[in-house]
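Listed below, chain by chain, are the residues.
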Amino acid sequence: MYIDIELFNPEQFEKDLKAKNLNKLSVFRQVLARGHHTLKERFEAHKNATHYVTQRAWLIDQVVLQVWREHASDFDFNTTALIAVGGYGRGELHPYSDIDLLILLESPIEDMAPIERFLTCLWDIKLEIGHSVRTLKECEEDAATDITIATNMTEVRLLNGSERLFQAMQAAVSPGQVWANKTFFSAKIEEQKQRYSKYDNTAYNLEPNIKESPGGLRDIQTVGWVAKRHFGAKTLQDLQQHGFLTEEEYQSLIEGQEFLWKIRCLLHMDAKRHEDRLLFNYQRDIATFLDYKDDETGLGVEKMMKQYYRTAGEISTLNDMLLQLFKEAILHAGTPSTIYSLNKRFQVRNKFIEVTHDKVFLRYPFALLEIFLLMQEHPEIKGIRATTIRLIIHYNYLIDEVFRKDLRARSVFFEIFRQTEGLTHALRRMNSYGLLAAYIPTFGSIVGQMQHDLFHVYTVDQHTLFVISNLRCFTLPEFQDDFPFCSKLMETIPKPELLNLAGFFHDIAKGRGGKHSELGEKDALEICLLHGLSDNDTRFVGWLVRHHLLMSDTMQRQDISDPDVIKAFAMNVIDVVHLDYLYLLTVADIRATNPKLWNDWKNTLLTTLYHRTVAFLRNENGQISDRQLHLLSTRKEARNLLNCSENKQINTLWKELGDDYFLCSSPKDVARETDAILNLIAPDNTLVLERPDTKGGTQFIIYTPVRDYLFAEITCFLEQENLTIVEAYIIPTQSKYTFSSYTVLEDNGKAISERGRVDHILQGIKTAIIHNKSTTFSPIVCHIPREIKHFSIPTRVTFTQDTGDNHTVIKVITTDRSGILSRIAQAFLTCHVRVKNAKIVTLGERVEDIFFVTDYENHALYSAVQLGRLRQELSQLLDKDINVN
C-alpha cells in the first residue's frame, strides 16, 4: 500500500490521537492543515496539477477513513459501505473541490444517529462534505429517474465496508438495469447541448468557466462517462484499446486536462474557495504564476488566455469527434448504410461526408480543402464523419509551401468564398481542424488571440468568423426584419465574395504591432494576387481592409451633421460602390465585436452617415455640399413650413441661434421649435421639448436663459434617471439664452418607449433648471462593477485648438461607469468652461468622450494655466473612486 509519509504519517497520527494533552478534533485539523500546506508547496515548486489532485484525494482518503474507524463501533461493515462519489470517486480533488460521499445501506435503518455523528465529525474538522445515504434499492430507483445520479454512480470507489454490497450497487445501476446505453448516451448528448447553450455555444468567452464551458473539463468527463458505461473503459487510455483514441489524441487530451487542472488549482487557491470561473481578477495572478511575461508581442495574461482558448478548442474538437464515433457505435450499430459517391475521393454515408479510402489526403493533398467546398455545394450533407475528421487533423502537416502553391488548392480555397451557401460553417470547421492556420499562417497567429479588455469579447479568430456570419445573415430572408437596410443593400453589391474576403482579412494583423489595418491590407493584397484575383478586385479588398474602421470612427468621433465632415468622409470613400461595401462591413464588424455595442442609436448614426454621403456623392435632390448653401437651404425650407417669407421676430431669433443650430436641425425641427420659442409666455421661461422623429434615441431640446451650471445639472439629472447620454450639444446664442440638445438611451440601448416616462423626464429637466439656482452640485456616486474595477484606466486629457470655429477640443479617456458626464461637468463648472458640443463614445470599459468647449466669453481656451487646471480637475474627479492601473 502506497504511503506518503510527508503528506500523512499514520504512526505519528496514531500517537497524536492517543496523547492526553491533545484534542482529537485538533489533531485532525492539524494533519489536514499540514497536508494541504505540503501539497501547496509541492505545486508551487513543480506546477504539476495531476500530482496535486491525486495526492489530495489520497490525503482526504486517509483522514476520512480515520474518522470512519473512530466510529467503527457504530456500523455493521457487512451491511454498510462508505463510497467516494463523483470527482472524489475518480480520485481527483482540487483545493476546494466537493468531497462527495455515499453511505450505502443494505436496508433501511431507524437510528440515523451514528451516521449523523460521523458526518458531524467530518464537518467539525473543516471538511466540505457532500453526502447521500441510500439503500441498495434507493440507489437503483434514484438512478433510474435521474441521469445525474446515474452518472455519479459510474464514478464510485469503495473506501471501506462491504465489498459485496458495493458490487451489488454497481450491478443495480448498470446499463442492463437502468439507463440502457442508447438512452444514457442520448441523455448525455442533450445534457451537453444544454450546457453549451448557457455559455453561448463558445469556448471563447472573456471569463470562461473552465469546468462547464465548451472545451472545459466537463467535455473530457462526458467522454469518460460514456466510455465507462458502454465500453467498460476505466480510463481514457482504455479507449485506445477499443480503437476510439489514437496515442496522439490521448496525449492531447491528457495535456489539455493537465493545463486546465493547473488553472483550476490556481483558481481555487487564489479565490480561497471553490471557483471555476476564470474571472478577470484571477487571470493576471495565474498568468504571473505560470510565468507568462509581458513583452512587445503582448501581455502575459493575453498569452495565457491564448493557450487556454487553443486548449479548449482542441478538447472541444476531440469531444465532438469521439462522441460522433460513440454515436455510430452505440446508436447506429447494425443500421444499414446509405452511400452515394461524390467523386473518386469522397462519398456520403448516411448524410455524412467521408473519404473513399484512408489514403485520399496523402495522394490528393488539395482534398483537405475540397471536402469543405463539396459540403457547400451539397447542403444536404449534415457533417463530416469522425474517422475523416481524424484524417484531416492528422494530415494537416501536408499543408506546406508546396501545397500553398498548388493551383488546385488555391482555386478551391477562393471558390469556397464564392459560394452562396455554407461559408461560415466551412470556415468554422476549417478553423477547428487547424486548416485555416496551416493554409494562411498569418491567420494562425490570431487563433485564440484575445485583447485583455471589455470591448472585444471574442478572440480575434472567432470575431473574424462572426463578421463573416453577420455578412451571411444579410443575404438570408429570415434575417430581413433584423437587418432591413443591410439586406436590401446586400442585394445590390456585384461581388459578395470580395466583401467576405475583406471580412476574413480585416483583423488578420492584430497583435503584430503597428497599425493592423495597414499590415492587414498588405496580407490581403499578397494573398489575393497569389490566388488569381484580378488587380482591381485585389485593390478593392485591400482598400476595405485598410479602411474598415473609417466609417465607425467618423460616426462616433465627428459631427456628421456638419457638411464639411461629410465632404471629407466622401472624399476618402471615393464612390457609392466603395461606400456600400464599407457600410456592410462596418455593421458586421461592430456587431461581431461585442453584442452589447450595437444599438438603435449606432444604427441611426451609421445609416445617417451613409445616406448623407450617398447624397453628396450623387448630388441627389439638390444636396448642398457647401456649408453656407446648406444653411440657406435649411432656413428657406423652414420659412416655407412656417408660412412666412419674412418676419422680424423669426429673423432676430434665427440670428441669435447662429449657424450651429441650423447645422444640427432639419427644416421641420427649425419650424416647430421656432414656433414654440416665439410663443413662450414669459421672457424668462424655459422651454423643454422632445424632438420627434429622432431615430435610435430620445432627443430632448432645451431653450433657457444662460446659466453656467446648466450642463452639469442636466447631465446629473439624466444620469440619476439611469439614462445613457449618447450625444449632447450646447449652442450659446447671441442673446441671454442658450439652446441645447441631449440624446439619451435606456439601459437596454433603446429609445424611451413610454410616453409617461418621456413626460417625467421633460418635467424633471425643467425642474432641475428652474429650481436650482446654485452654481455647485454633487455628481452622482454609483456602484462600480467588478469588471470595471479590474480594467480601470487612468484618466487622460488632451487638448487641440480649432481656430476656425474658435473653440477648444477636449478628449477625455477614462474608465466607464455611471455618473461620468456629471463629474466631467463639475470640472467644467469649476474651471469656468462652457460646452458647445459633445460626442460620447464608450468602448467596453473605456470612455473616449470629446467635448467642444469655450470659456464664458465664447472663446477658445488658450491659457496654459487654465488648461493645466482643467486637466488636473478632471483627473482628480474621475480617478478618485477607482484604483487605476
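Use the structure listed above.
Along every chain, residues carry numbers that run from 1 in the direction the sequence is written. With the structure being a predicted model, the display of local features is reserved for residues of pLDDT at least 70 and the display and counting of side-chain atom pairs for 80 or more, all residues being used for whole-chain, interface and lining totals. Derived side-chain values reflect all non-hydrogen atoms in the structure, with water molecules and hydrogen atoms excluded from consideration.

**Regarding the pairing of strand β6 (residues 346–349)**
Strands qualify as paired when DSSP identifies two bridges or more between them. Strands here mean DSSP runs of E at least two residues long; helices mean DSSP runs of H or I at least four residues long; both are numbered from the N terminus. Two strands pair when backbone bridges link them, and strand β5 (residues 339–341) and β6 are joined in this way by three bridges, in the antiparallel orientation. Residue pairing in the sheet places Ser341 in a bridge with Gln347 of β6. Sheet topology places β6 next to strand β7 (residues 352–355); four bridges connect them, and they run antiparallel. The residue bridging Gln347 from the neighbouring strand is Glu354, located in β7. Following β6, the chain reverses through two residues before pairing antiparallel with β7; Asn350 in that reversal takes a positive phi of roughly 50°.

**Concerning helix α13 (residues 280–289)**
The buried label goes to any residue with under 20% of its type's maximum accessible area, the exposed label to any with over 50%, and the partly exposed label to all in between, with areas taken from a 1.4 Å probe on protein chains only. If you check which residues of α13 are buried, you get Phe280, Tyr282, Gln283, Ile286 and Ala287. For α13, the buried positions fall inside an angular range of 145° around the axis, keeping them on one side. Trailing α13 by a residue or two, Asp291 shows a phi angle of about 70°, which is positive. Summarising the geometry, the arc corresponds to the directions from the helix axis toward the C-beta atoms.

**Points about the side chain of Glu275**
Mapped onto the secondary structure, Glu275 falls in the loop between α12 (247–271) and α13. For Glu275, the side chain forms a polar contact with the side chain of Arg277, separated by 2.9 Å. Whether two residues are in contact is decided by their heavy atoms: any pair within 4.5 Å suffices. The contact partners of Glu275, leaving out residues within four places of it in the chain, are Leu267, His268 and Tyr282. Side-chain atoms alone can form a polar contact between residues adjacent in sequence; in general such a contact is a pair of N or O atoms within 3.5 Å, and within protein one must be able to donate a hydrogen while the other accepts it.

**Some details on the pattern of salt bridges**
Within this document, salt bridges are pairs made up of a side-chain nitrogen of Lys or Arg and a carboxyl oxygen of Asp or Glu, the two lying within 4 Å of each other. Counted under the stated rule, the structure contains 44 salt bridges. With a closest N to O distance of 2.8 Å, Asp61 and Arg157 form a salt bridge. With Asp61 in helix α3 (residues 49–70) and Arg157 in strand β4 (residues 156–161), this residue pair connects regions lying 96 residues apart in the sequence. Take Asp61: its relative accessible area is 10%, and that puts it in the buried class. For the salt bridge of Arg90 with Glu155, the shortest nitrogen-to-oxygen distance reads 2.7 Å. Separated by 65 residues along the polypeptide, Arg90 in the loop between α4 (86–89) and β2 (99–105) and Glu155 in the loop between α7 (147–152) and β4 bring together distant segments of the chain. Residue Arg90 is classed as partly exposed on the basis of its relative accessible area, which comes to 25%. The network of salt bridges with shared partners includes Arg90, Glu92, Glu155 and Lys228.

**Thoughts on the environment of Asn500**
Residue placement: Asn500 occurs in helix α25 (residues 496–505). For Asn500, a relative accessible area of 10% translates into the label buried. Once the C-alpha coordinates of Asn500 and Gln283 are considered, the two residues, 217 residues apart in sequence, prove to be 34 Å apart. Not counting residues up to four positions away in its chain, the partners in contact with Asn500 are Phe417, Leu423, Ile468 and Leu471.

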